[in-house]
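As a plain string of letters, each chain reads:
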Amino acid sequence: MAAPAPRALERYLAEQATKTTLRFLTCGSVDDGKSTLIGRLLYDSKLIFEDQLATLQADSRRLGTQGENIDFALLVDGLAAEREQGITIDVAYRFFATDRRKFVVADCPGHEQYTRNMATGASNADLAVILIDARKGVLTQTRRHSYIASLFGIHDVVLAVNKMDLVGYDQAVFDGIVTDYRRFAEGLGALRITAVPMSALQGDNVSTRSDAMPWYQGPTLLEHLETVQVGRDLAEQPFRMAVQWVNRPNLDFRGFAGTVASGRVRPGDAVQVLPSGRRSAVSRIVTFDGDLEVAGPGQAVTLVLADEIDVSRGDVIAAGQQPPPTSDQLAVHLLWMSEAPMYPGRQYYLKSGANLVPCVVTDLKHAVNVNTLETLPAKSLDLNEIGVANISLSARIAFEPFAANADLGSFILIDRQSNATVGAGLFDFSLRRADNIVWQALSVDKAHRAAIKHQRPAVIWMTGLSGSGKSTIANLLESRLHDLNRHTYTLDGDNVRHGLNRDLGFTAADRVENIRRVGETAKLMVDAGLITIVSFISPFRSERRMVRDLLAPGEFIEVFVDTPLEVCEQRDPKGLYRRARAGEIQNFTGIDSEYQAPEAPELHIRTTDVSPEQAVEQLLGYLEQRGLLQAGGG
Amino acid sequence: MFKPLTHLQRLEAESIFILREVVAECEKPVMLYSIGKDSAVMLHLARKAFHPARPPFPLLHVDTTWKFREMIEFRDNIARELGMDLIVHINQEGVAQGVNPFSHGSQVHTDVMKTQALKQALDRYGFDAAFGGARRDEEKSRAKERVFSFRSAQHRWDPKNQRPELWRLYNGRVRKGESIRVFPLSNWTELDIWQYIYQENLPIVPLYYAKERPVVERNGMLIMVDDDRMPLAPDEKPQMRRVRFRTLGCYPLTGAIESDASDLPSIIEEMLVARTSERQGRAIDHDASASMEKKKQEGYF
Ligand SMILES: Nc1nc2c(ncn2[C@@H]2O[C@H](COP(=O)(O)OP(=O)(O)O)[C@@H](O)[C@H]2O)c(=O)[nH]1
């Protein structure tokens, strides 16, 4: 970029103002030359300032692999720890510009966290540059990168066949690789592919045409990136905008702030608000710079509606005649991004658009092998695994299939305890029209059933190690409640496993399902008006929390029957610890399967300090204090 | 007619989205206002995001007591003109201990008066989200920073514990004591910032414009003698030189460049032919090549 003459500066700025941006991601395996390529692009685009260059030259001598030459790769590696290991760990964003376009590069590494990082990069990119080492050709990881990129919304791919200098700039090698790749990519749907033979190290066909490959007639990589038209025209789709924030500075103004996801909107347009279905019309499109005549995709605006209707964060304002579907049961693609595996049945928060709703993965259909694209039966998803699943939301939301609109078609899952982002996914389609299934409102309800029994129903949930004394305490408690004329029922782990849950084993996935069923059963019993005592090891916090969330506030009473492992093992009433130690039983809680103690149980019983009778007194005292032993319909 | 967004429009809309998302999801956000050009842009974007309402959060300035006088004056004027609440926090313990850049060195001074002071302020007011004006193009290690950067209750940044950011789905949920630093300008470059200031005609601290100022030369940097607290060596004599600043911080730590650029177009022009990148003017960055990384882990912004 040459420095413009002073008077030309205004013109220069005007030109800048009309430039568009291309956001692309680069993916390749370790050592394919990705960092070298990005470094070269930054270098060639002359936006590398001199002092960065000076640091770079010093670094190259210290850490570089290129002797006295500049190691372009060092220009783009950032985190200190990564540098020492010589690998990049995360997605890094780089910026450069040419006279024709501005670029943002998402640099995605090729090590084991690849899937998560690539998905992240792809979700915010318009195009993917997939690197191939000319000596190695199309590899498993090339397929993996291409699949993930296309799944997460990339339609345009550049196949950068690198290190051509090491294969004698041989056209046959290049052609062979391109043919291989095209054959594979047919399975990925409508990918637009451009292949470029290059040497990132020598600079061939990166930004300058290669003298060594006269047989190649196509554009250099940079020429292609400068001119390629990407993406779909979202402006031609029906209007949709998720409401991010309700702007209410005073009684005279009520506007709905959001970013247009698709389509165009003008004052006077009829709109529908989803999921409520309420109708109105747009009266103003407000911005700081004045009201607009029209707004389109990507614009951040504030809409004022003609009618005083109820609209809140998460709602979607959409074209009146073409509203998006709504649902609470969806088929999805799901990428798991947490160290702790995903088991169907657990509750998460789902964030989609501006919605945040509790959600359960009800059914994992299968996992996808990202290397072969084969589907595999699966009971859980591990870190970096992709699966196809059904999910159930606690409320209906407006959505679009991902293929139609990424903003309304994508979601993340958030762990309810740590708040970490643990999954990301794409809506495929609604499993039913949620509107058709109306919850049966029965005329005799929980309150009536409880009132006739003169009690308040609740679940008293005892959790603790095997042999901690849960069943003993549960049994005594039920007798005492019975003496007090309370209507009770006890669900015991061992008993339920003989019947309802006979088909379940002790893997983590089965344990989750075990608790889910018991939770649902306990909920029915509460609905029937019973004081329900549950005595289950229930080792995982998230499942206990799931049951808590199933019930009304205050109905779930978590009782931690706290007995040290050594004591349980000493008691060993059923001889189970001995067998587990001997390796005869696998996945035994406390031995080779984790027990997660409650963080804030309603009641904490330390059995080494109190007898079972005293424990029951403690329990009754608590129930009394909470008003659960009084009559009353709840 | 609706035209596709240009580069700057896309950046602006993206930043507005981020600002709104935080206000909608977090309980008590604050904007870290450092008075420089990036803060000027960030504040302007906040006004756009919430118009016609006023940005629904206060500004927080961590004052090391060594900022240029013109910065403080500018800060107070802007807050008053825009009707924004301004919280100024000074680490009084540091003041009591007499911490300053001369006797304690840039590292200790920055740690006590900036990093520790910021933590104190965040703790005192219980903010669960803090907007900062950092950009990914500023420095290599920042290229990997998230837009929403999660901090533990001890304000630590754990590179292993950051949340993936897909699409526009930011996760701002925190437990009590934890917080999020949010960088709405992540995808802006220095040139974008200047172009935007030009396009929107934003006021900036006059120190960015060239003017005759009293400076001394130290370790190859031109340091402005902004007040009489600056100890001078016997042979040091402030000279009047025509200089300006590319970044603004504590005056004893901020190098000036000789320049004739006294209006925005000439600043931008100078930038385009810049022979040194902007952070070179900051003494704190000279230490080690990966030092930024360490500072971030410790909670330096
Ligand atoms: N001969 C040759 N070597 C290359 C080329 N591109 C990269 N390399 C070398 O391959 C190695 C790995 O490159 P790097 O950019 O670090 O790979 P990354 O792991 O994909 O980022 C380095 O030693 C580079 O110098 C090329 O086009 N030709």
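Residues numbered from 1 in each chain as written. Chains lettered and ligands numbered in written order. Predicted model: local features only at pLDDT ≥ 70, side-chain atom pairs only at ≥ 80, totals over all residues. Heavy atoms only, no water.

Taken as a whole, this structure holds seven cavities of 30 Å³ or more when the rule is applied. The calculated volume of the second largest cavity comes to roughly 160 Å³. When contributions to the lining of the second largest cavity are tallied by element, the ones reaching two or more residues are strand S9 (253–262) and helix H9 (406–409) of chain A together with helix H1 (7–25) of chain B. The biggest single contributor to the lining of the second largest cavity is S9(A), with three residues. Per-class residue counts for the lining of the second largest cavity are seven nonpolar, five polar and three charged. (1 Å grid on protein atoms, 1.4 Å probe; cavity = no way out; pocket = protein on both sides within 12 Å on 5 of 7 lines; lining within 4 Å. Points joined across faces, edges and corners; volume = space filled by probe spheres on them. Helix = DSSP H or I, 4+ residues; strand = E, 2+ residues; numbered from the N terminus. Nonpolar A, V, L, I, M, F, W, Y, C, P; charged D, E, K, R; others polar.)

Bringing the confidence of the model for chain B into the picture now. Residue and element names in this part refer to chain B. Here chain B averages 86 in pLDDT, while 89% of its residues score no lower than 70. Per-element confidence in chain B is highest for helix H2 (residues 37–50), whose mean pLDDT is 97, and lowest for helix H8 (residues 291–298), whose mean pLDDT is 47. Of the regions scoring below 50 in pLDDT, residues 275–301 engages in 80 contacts with residues more than four places distant in sequence or in other chains. With pTM at 0.75, the complex prediction returns an ipTM value of 0.87. (pLDDT = per-residue confidence, 0-100. Contact = heavy atoms within 4.5 Å.)

Next up on the list: the site of the ligand. Residue and element names in this part refer to chain A. Near the ligand, the surroundings consist of 18 residues, among which Asp31, Lys34, Ser35, Thr36 and Asp165 are the closest. Note that an oxygen atom of the ligand is positioned 2.7 Å from one of the backbone N or O atoms of aspartate 31. Threonine 36 has a polar side-chain atom sitting 2.4 Å from an oxygen atom of the ligand. Taken by itself the ligand offers 580 Å² of open surface, and the protein chains cover 84% of this. Sort the elements by how many residues they give to the shell around the ligand and helix H2 (residues 34–44) lands first, with three residues. Residue composition of the shell around the ligand, grouped by class: five nonpolar, eight polar and five charged. (Near = heavy atom within 4 Å. Polar contact = N/O pair within 3.5 Å; in protein donor to acceptor, adjacent residues only side chain to side chain. Areas by Shrake-Rupley, 256 points an atom, 1.4 Å probe, with all protein chains shown as cover.)

On to the sheet that holds strand S4 (residues 129–131) of chain B. As a general point, the strands of a sheet are linked pairwise by backbone hydrogen bonds and lie either parallel or antiparallel. All names here are of chain B. Strand order in the open sheet made by the six strands is S3-S2-S1-S4-S6-S5, with mixed pairing throughout. If you trace the sheet from one side to the other, it starts and ends with strand S3 (86–89) and strand S5 (148–151), each paired once. Averaged over neighbouring strand pairs, the angle between their axes works out to 30 degrees when direction is ignored. With two bridges joining them, strand S1 (residues 29–32) and strand S2 (residues 59–62) adopt parallel strand pairing. The residue of S2 that forms the bridge with leucine 32 is leucine 60. This element, H2, spans S1, S2 and S4 of the sheet and lies at about 145 degrees to S1. Against the sheet, helix H3 (residues 69–82) engages S2 and S3, with an angle of about 150 degrees to S3. (Pairing = 2+ DSSP bridges. Axes fitted to C-alpha atoms, helices over the stretch in contact; angles between N-to-C directions.)

All names here are of chain B. Within the fold, valine 95 resides in helix H4 (residues 92–96). Judged by relative accessible area, which is 40%, valine 95 ranks as partly exposed. C-alpha of valine 95 to C-alpha of serine 179: the two residues are 84 residues apart in sequence and 27 Å apart in space. Once you skip the residues sitting within four places of it in the chain, valine 95 turns out to touch Thr65, Ile90 and Met113. (Buried < 20%, exposed > 50% of the residue type's maximum accessible area, 1.4 Å probe, protein only.)

Residue and element names in this part refer to chain A. In a regular helix each residue adds 1.5 Å, so 20 residues correspond to 28 Å; helix H13 (residues 508–527) covers 29 Å between its end C-alpha atoms and thus fits that length. With 14 of its 20 residues buried, H13 lies for the most part within the structure. Note on H13: the residue one or two positions beyond its end, glycine 529, has a positive phi of about 95 degrees. (Expected span 1.5 Å × (residues − 1).)

All names here are of chain A. Mapping aspartate 291 onto the fold places it in the loop between strand S11 (278–286) and strand S12 (300–305). Classification of aspartate 291 by relative accessible area gives partly exposed; the value is 42%. Distance in space between the C-alpha atoms of aspartate 291 and aspartate 133 is 53 Å, their sequence separation being 158 residues. Not counting residues within four places of it along the chain, the set of residues in contact with aspartate 291 comprises Arg284, Ile285 and Val286. Within the structure, aspartate 291 has its side chain in polar contact with the side chain of arginine 284 (distance 2.7 Å).

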